[in-house]
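Secondary and tertiary structure notes
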Amino acid sequence: MEIAVIGKKEFVLGFQLAGIKKTYSAENPEKLTETITKVLEDTNVGILVLQSTDLDQIPRRLQVIIENSVKPTIVTIGGQEAGLSLRERIKRSVGVDLWK
Amino acid sequence: MALNVKPTRSELIALKKRIKLSERGYKLLKMKRDGLILEFFKVLAEAKDLKNQLAEKYERAQRMIAIAETVDGSIGVKSAAFSASENPVIDLKSKNIMGVVVPKIESQSVKKSLTNRGYGVLGTSAAIDEAADAFEELVECIILSAELETTMKRLLDEIESTKRRVNALEFKVIPELIEARNFIKMRLDEMEREELFRMKRTKGKSAAKAAKLSAAHAAE
C-alpha cells in the first residue's frame, strides 16, 4: 500500500521530499478532477492526501465519493473546513453535533 | 391498520412468540447502538486531537519548505525531492470493534535518518533536511489520521443502520404485533361470549319447551 498526494506544485513538493513517489501536481480544476478519478481507481493507493482548498474546485459528485470513500482513505489537510463533511455525517447519524 | 390476521388461538400463540423475540432483539440492538456510540466517543476525542496536531504540523512543514526554498532556491529543493528515495510503505490490517471491521494502518520507513534520505548531504543545506523532517512527521500524522477517519466513517455507518433497525422495531414492528395480538384477543373473547349466549339461549328454549310439555301433560 502506498500514499498518494494530489495538489498544487508547492503542496506536492514537500511530500516528494519525504519520499512519497505517487505525487501528482494538478494546477487547474479539470486536471485535478481527472487525476483524482485516476488515483481512486488505483488499488495500490491506501491513503490519498488532498489540500482542502482544492476540494471546492472539483464536481459535487466526486466530493461525495471522496467523503464516503474508505479505501483509499482520503485525508484533507490545511484549512478549517476539513472536518465539516465529517461533522455533517456525525450530526446525521448520531443526532447530536459532537464535533467542537 | 388493516389487520390481516386470522383470529385463531394458534395465531395468537405464534404472535406472542414473535413479540417476545422482537423485544429481545430490540433490547440487544439498543445495547449495541449504545456501545457503538460509546466507542465512537473514544475515537472522536482522539480524532479531534489529531486533527489539531495535523494542522499544526502542516503549518510547520509549509514554513520549513518555504525557508528551504529561499535558502536553496526552488531548483535545489526540487532536485533534492527528486532524488529522495525509499517510499514509505503502509500496511493495512484490520481490527474489530463490536462487529465493525476497522483498518489498522501500520507504516514503515516514514521517518528516515539523514543518510537514508537519498539526496547528498553535502550538496544541500540544513534547511532542506529540516523541511524533509517536518514533512516526514506530517506524513506520520496523516497515516494516523487516515486510520481514525476510516474508523469513524465505518462506525458512523454502523451506528446509522443500527439506529434505523432499533427505531423500526420500536415504532413499527412491535406496535403492529401488539395491535394484532390485541385484535385476536378481542375477537376470541367476543367469540366466547357469543358462544356462551348461544348456549344460554338454547338452554332457555329447551327449558321452555320442557315446561310447555309438562304443562300439557298436567292438563291431560
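Within any chain, residue numbers begin from 1 and follow the written order of that chain's sequence. As they are written, the chains are lettered A onward and the ligands numbered 1 onward, keeping that order. The predicted nature of this model means local features are confined to residues of pLDDT at least 70 and side-chain atom pairs, given and counted, to a pLDDT of 80 or more, with totals for whole chains, interfaces and linings taken over all residues. Based on all heavy atoms of the structure, the side-chain values leave hydrogens and waters out of the count.

The condition is simple: UniProt positions are given in the numbering used here, feature names are shortened, and annotations may be inferred rather than shown by experiment.
Under an unreviewed UniProt entry, the name given to chain B is A-type ATP synthase subunit D, and the source organism is Methanocorpusculum labreanum. On record in UniProt, under Sequence similarities (unreviewed entry), the comment for chain B is "Belongs to the V-ATPase D subunit family." According to UniProt, the comment filed for chain B under the heading Subunit (unreviewed entry) is "Has multiple subunits with at least A(3), B(3), C, D, E, F, H, I and proteolipid K(x)."

The name given to chain A in an unreviewed UniProt entry is A-type ATP synthase subunit F, with Methanocorpusculum parvum as the source organism. UniProt's Sequence similarities (unreviewed entry) comment on chain A is quoted here verbatim: "Belongs to the V-ATPase F subunit family." According to the UniProt record, the Subcellular location (unreviewed entry) comment for chain A reads "Cell membrane".

1. Focus: the pairing of strand E2 (residues 100-108) of chain B
All names here are of chain B. Note the following rule: Two strands qualify as a pair provided that DSSP identifies no fewer than 2 bridges between them. Elements are defined by DSSP. Helices are runs of H or I of four residues or more, strands are runs of E of two residues or more, and each kind is numbered from the N terminus.
Alignment of strand E1 (residues 89-97) against E2, held across nine bridges, turns out to be antiparallel. Considered in E2, the bridge of Ile97 is made with Val100. In this antiparallel pair of consecutive strands, E1 and E2, the connection spans two residues, and Met98 shows a positive phi of 45°.

2. Considerations on the pattern of salt bridges
Selection criterion: In what follows, salt bridge is the name for a side-chain nitrogen of Lys or Arg lying within 4 Å of a carboxyl oxygen of Asp or Glu. The cut-offs for exposure are 20% and 50% of the maximum accessible area for each residue type, with area from a 1.4 Å probe on protein chains only; residues under the lower value are buried, those over the upper are exposed, and the others partly exposed.
Across all of its chains, the model carries 12 salt bridges over all chains by this definition. Residues Lys51(B) and Glu149(B) are paired through a salt bridge, measuring 3.2 Å at the closest nitrogen-oxygen approach. Separated by 98 residues along the polypeptide, Lys51(B) in helix H1 (residues 9-83) and Glu149(B) in helix H2 (residues 126-219) bring together distant segments of the chain. Take Lys51(B) and Glu149(B): they sit in the same class, and that class is buried. Arg198(B) is paired through a salt bridge with Glu195(B); the nearest N and O atoms lie 2.9 Å apart. Taken as a pair, Arg198(B) and Glu195(B) lie in helix H2 at a separation of three residues, close to a single helical turn. Residue class for Arg198(B) comes out partly exposed when judged on its relative accessible area of 46%. Here the residues in one salt-bridge network are Glu2(A), Lys22(A) and Asp42(A), joined through shared partners.

3. Some words on the UniProt feature "coiled-coil region" (unreviewed entry) in chain B
Residue and element names in this part refer to chain B. As recorded in UniProt, the feature "coiled-coil region" (unreviewed entry) lies at residues 44-71 and 145-194. The span residues 44-71 is 100% helical and 0% strand by assignment, and the distance between its end C-alpha atoms comes to 40 Å. Secondary structure content for residues 145-194 is 100% helix and 0% strand, while the C-alpha to C-alpha distance between its ends is 72 Å.

4. Section: the confidence of the model for chain B
Here is the rule: Each residue carries a pLDDT score, the predictor's confidence in it, ranging from 0 to 100.
The share of residues in chain B with pLDDT of 70 or more is 95%, and the mean pLDDT across the chain is 86. The ipTM value of the predicted complex is 0.81, and its pTM value is 0.76.

5. A short note on the interface of chain A and chain B
Heads up, the condition is: In this analysis, two residues are considered to be in contact whenever any of their non-hydrogen atoms come within 4.5 Å of each other. A 3.5 Å cut-off defines polar contacts: any pair of N or O atoms within that distance qualifies, except that in protein one atom must be a possible hydrogen donor and the other a possible acceptor, and neighbouring residues in sequence count only when both atoms are side-chain atoms. Gly is put with the polar residues, along with every residue not named as nonpolar or charged; the nonpolar set is Ala, Val, Leu, Ile, Met, Phe, Trp, Tyr, Cys and Pro, and the charged set is Asp, Glu, Lys and Arg.
Each partner contributes to the interface: chain A provides 40 residues, whereas chain B provides 47 residues. At the boundary of chain A and chain B, one finds one salt bridge. For the pair chain A and chain B, the number of links is three residue pairs in polar contact (both at pLDDT 80 or more). Every element with two or more residues in the side of chain A that touches chain B is listed here: strand E1 (2-7), helix H1 (9-17), strand E3 (45-51), helix H3 (60-68), strand E4 (73-77) and helix H4 (84-94) of chain A. Taken together, the residues of the side of chain A that touches chain B break down into 21 nonpolar, 12 polar and seven charged.

6. Some thoughts on the sheet that holds E4(A)
Residue and element names in this part refer to chain A. Our working rule: Angles run from 0 to 180 degrees between N-to-C directions of axes, and those axes are lines fitted to C-alpha atoms, restricted for helices to the stretch in contact.
Strand order in the open sheet formed by four strands is E2-E1-E3-E4, and the pairing between neighbours is parallel. Each of the sheet's edge strands pairs with one partner strand only, and the pair in question is strand E2 (22-25) and E4. On average, each strand axis in the sheet is inclined to that of its neighbour by 20°, with strand direction left out of account. Here E3 pairs with E4 via five bridges, running parallel. In the strand pairing of E4, Leu50 is matched with Thr76. Against the sheet, helix H2 (residues 29-41) contacts E1, E2, E3 and E4, and its axis sits at roughly 170° relative to E1.

7. So, the packing of aromatic side chains
For clarity, the cut-off: Any two of the Phe, Tyr and Trp rings considered here, Trp counted by its six-membered ring, make a pair once their centres fall within 6.5 Å; the pair's planes then place it as stacked at under 30 degrees, edge-to-face at over 60, or tilted in between.
Enumeration according to the criterion identifies three aromatic pairs over all chains in this entry. The interplanar angle of 65° and the centroid separation of 6.0 Å between the aromatic rings of Phe11(A) and Tyr58(B) together place this pair among those described as edge-to-face. With one member in each of two chains, Phe11(A) in helix H1 and Tyr58(B) in helix H1 form a pair that bridges those chains. For Phe11(A), a relative accessible area of 2% translates into the label buried. Pairwise contacts between aromatic rings join Phe11(A), Phe15(A), Tyr58(B) and Phe135(B) into one cluster.

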